[in-house]
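Okay, here's what each chain looks like letter by letter:
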Amino acid sequence: MAGSRLPRQLFLQGVAAVFMFAFASLYTQIPGLYGPEGILPARRTLRPQGKGRWQQLWETPTLLWEAPLLGLDTAQGLELLSLLGTVLALGALLTRPLRHPLVYLLLWAAYLSVCQVGQVFLYFQWDSLLLETGFLAVLVAPLGLPPNHKQAPQGRPGGVSPHEGLPFWLVRWLLFRLMFASGVVKLTSRCPAWWGLTALTYHYETQCLPTPAAWFAHHLPVWLHKLSVVATFLIEIAVPPLFFAPVRRLRLAAFYSQVLLQVLIVITGNYNFFNLLTLVLATALLDDTHLAATSSTSRRKRTPSSFTFHQFSQWLKMVTLPTMWLGAASLAWELLTALWRWVQVRGSLQKLCAAVPLSVLGTATVALFLISLVPYSYMEPSSHGRLWTGAHRLFGTVEHLQLANSYGLFRRMTGLGGRPEVVLEGSYDGHQWTEIEFMYKPGNLSRPPPIVVPHQPRLDWQMWFAALGPHTHSPWFASLVLRLLQGKAPVIRLIQNHTPSYPFHKQPPTYVRAQRYKYWFSHPWEQGRWWRRQWVEEFFPSVSLGDPALDMLLGQFGLQDKSPPRARGSSNTLSQALHWIRRQLSPLEAPTLLWGLLGAVGAIKVMQALLGPQSLPRSKEEKHKPASQEDSVAASKQASPAPNISSSSQTPRRKKSP
């Protein structure tokens with residue numbers, strides 16, 4: 001059996017990196033999104049209703065309830081949580097002692113707290129995915145040193161905890177749910193573009209924030225786009241069951257297929273930390289042997305036979321429950337393997353110490369698996385109704401904690417007749433209008449698409465969703481218009497961080513309106529242009545401050561400032577520190593800040609490798625641990641047993657899921 005210690009460490013580092021990016025990206029946007037002068041002030045979301053403290057915390061689980069005790073308002077509490085989350089995640093990424101369950105529990109609790117008040121700007125699948133992954137990291141992270149095994153069963157190295165593989169199996173199950181559901185919903189949606197294999201002829205130019213490479217991908221031959229759709233279906237539907245294959249090479253092939261898909265998405269689209277998080281989940285398909293040596297895999301593509309939606313529905317009904325049983329069987333194997341490892345532990349005290357974490361984590365793993373079956377079955381209604389009622393009750397109890405979620409990316413392809421885009425305009429006289437250009441979303445026809453990953457400009461993303469329907473489907477848009485008419489600097493910095501680039505930086509516009517356009521990528525022969533567009537209709541009427549139409553919309557959606565926020569206490573030391581940090585970081589654009597963090601991590605890692613080599617301490621420990629993996633491998637290569645290695649370590653290794 002190949003171990004999974006290296007993949008688990010890689011997973012924990014990856015989760016820490018994603019948390020760091022998520023917190024840092026959100027921090028740069030808090031004043032404009034959630035501050036007192038923001039689009040959706042966070043103070044409106046937390047209003048005590050006369051309930052007990054613990055009941056209030058259980059129903060709305062957020063640490064921000066305690067912000068007033070620190071002399072902070074809700075927005076300042078958000079800033080504090082984001083800064084602490086960034087620093088804590090950075091520490092876990094750099095130092096192994098901080099990859100502790102308590103650290104990941106704090107990261108998960110901080111991000112859950114943020115999401116509770118994030119409103120529509122944090123209603124993204126990757127936010128839910130990060131919460132679910134973060135909670136799994138709490139279980140995967142080692143609590144302490146593993147128990148001492150006096151013999152290495154089944155040829156495994158000594159010192160392997162019986163329970164260590166159980167939580168990591170949940171990571172593989174989450175990856176399966178994510179990818180399999182994402183493939184299935186493309187077909188259950190009956191989207192003609194997916195069924196006709198033409199989705200990628202639209203996707204590159206209609207996705208929220210394309211990269212420059214998306215322009216080139218869009219102009220590839222149609223036959224290649226169709227072949228890519230077929231490959232996507234294979235990777236998302238046919239490959240995921242191989243995550244549980246007993247044959248190691250099948251799991252590795254499945255891993256590299258997922259890596260291929262995610263890397264191609266990163267190249268052609270700005271999907272913030274989502275692709276990195278998916279790759280982090282894919283580490284559950286690896287093992288120590290593979291990470292310790294270089295190996296190669298091959299890929300092949302096949303063209304499927306055509307079939308109807310009815311046939312697909314019947315197929316989905318037929319396979320949904322079996323995939324659950326596949327997961328249950330794989331989990332049962334993991335439980336039996338853990339139990340076998342526990343049986344091999346020598347000594348009553350050591351066995352008792354190993355039994356406690358095995359019982360706790362085994363129970364937690366089974367419970368989380370049962371909970372996850374409920375959102376997983378959403379994609380097939382009849383299977384959802386046939387689930388055990390206990391699973392439904394358990395899921396309902398903890399649903400607000402977002403421990404398990406349903407997923408389904410790119411369900412339907414939008415913009416088949418052109419990419420809808422909302423363009424804001426301002427004017428001083430109501431006759432001459434000036435377009436308000438955003439930093440990231442398409443607007444100027446001559447500006448190339450930006451590269452902003454791993455940052456997520458959440459206002460730009462919501463502008464993309466707003467363009468898909470009337471403005472009344474996006475209530476926050478009226479509040480955005482109000483803030484622009486008021487000339488609120490925090491909101492303006494969401495649109496243009498460099499203030500002189502904002503056309504109304506000297507004086508707010510008297511009137512603001514919005515137009516809906518359809519955008520397409522430019523043709524290859526159009527020099528100096530990346531986009532072309534056509535006006536469609538007025539999206540939001542011209543309004544000014546005090547306009548009855550604007551006031552009616554704000555009142556209808558509960559966005560009027562009936563009670564102004566209390567003044568922030570300048571004497572509060574913590575508040576002053578937060579204000580100073582904000583003032584130092586505000587000149588930096590968010591992508592620059594995130595890439596700076598990444599560069600700092602890389603530099604520190606290099607310094608750690610140069611100044612703190614681990615080879616000497618490890619070699620000394622090996623003198624006292626003859627059952628280690630290195631000795632076992634060396635013994636097998638030299639065909640002579642090393643001293644003090646038990647005979648059980650000479651048995652052939654069996655293939656299993658990591």
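This text goes with the structure placed above it.
The shown structure was predicted, so the numbers you read here are calculated from the model rather than taken from an experiment.

1. Structural notes on the overall build of the protein
For the protein, the count of helices and strands is 26 helices and 4 strands. Among the 658 residues that make up the protein, the fraction classed as buried is 53%. Total accessible area computed for the protein in this model is approximately 29,900 Å², and 62% of it derives from carbon and sulfur atoms.

2. As for helix 22 (residues 548-556)
Among all positions of helix 22, only Leu550, Leu553 and Leu554 are buried. Relative to the axis of helix 22, the buried residues are bounded by an arc of 95° and lie together on one face. Exposed and oriented more than 90 degrees from the buried face of helix 22 are Pro548, Met552 and Gln556. Looking at where helix 22 begins, the residue whose side-chain oxygen comes 2.8 Å from the main-chain nitrogen of Ala549 is Asp547. Directly after helix 22, the chain includes Gly558, whose backbone phi takes a positive value near 70°.

3. Quick word on the pairing of strand 1 (residues 419-427)
Of all 9 residues that make up strand 1, 9 are buried, and the element is covered over most of its length. Of the two faces of strand 1, the one lined by Arg419, Glu421, Val423, Glu425 and Ser427 and the one lined by Pro420, Val422, Leu424 and Gly426 are each fully buried. Sheet topology note: the strand 1/strand 3 (residues 511-521) ladder contains 9 bridges and is antiparallel. The residue bridging Arg419 from the neighbouring strand is Tyr519, located in strand 3. Here strand 1 folds back onto strand 2 (residues 434-436) in antiparallel fashion, the turn holding 6 residues, of which Gly430 has a positive phi close to 85°.

4. A short note on the packing of aromatic side chains
Here the structure, examined in full by the defined rule, presents 40 aromatic pairs. Centroid distance Trp169 to Trp173: 6.0 Å. Interplanar angle 5°. Geometry classified as stacked. Linking Trp169 with Trp173, this pair stays in helix 7 (residues 165-188), spanning 4 residues, or about one helical turn. Ring geometry for Trp173 versus Phe244: centroids 6.1 Å apart, planes at 45°, classification tilted. Within this pair, whereas Trp173 is found in helix 7, its partner Phe244 is found in the loop between helix 11 (222-238) and helix 12 (248-268), the two being separated by 71 residues in sequence. Here Phe244 falls in the buried class, since its relative accessible area comes to 7%. Through successive ring pairs, a cluster of aromatic residues spans Phe124, Trp126, Tyr271, Phe274, Trp461, Trp464 and Phe465. In this arrangement the basic side chain of Lys186 is found over the ring face of Trp194, its NZ or CZ atom lying 5.2 Å from the centre.

The rules we used
- Residues numbered from 1 in each chain as written.
- Predicted model: local features only at pLDDT ≥ 70, side-chain atom pairs only at ≥ 80, totals over all residues.
- Heavy atoms only, no water.
- Helix = DSSP H or I, 4+ residues; strand = E, 2+ residues; numbered from the N terminus.
- Buried < 20%, exposed > 50% of the residue type's maximum accessible area, 1.4 Å probe, protein only.
- Areas by Shrake-Rupley, 256 points an atom, 1.4 Å probe, with all protein chains shown as cover.
- Arc of directions from axis to C-beta.
- Polar contact = N/O pair within 3.5 Å; in protein donor to acceptor, adjacent residues only side chain to side chain.
- Pairing = 2+ DSSP bridges.
- Phe/Tyr/Trp six-rings, centres within 6.5 Å; stacked < 30°, edge-to-face > 60°.
- Lys NZ or Arg CZ within 6 Å of the ring centre and 35° of its normal.

Everything listed here is a matter of coordinates, which is why it stays silent on function.
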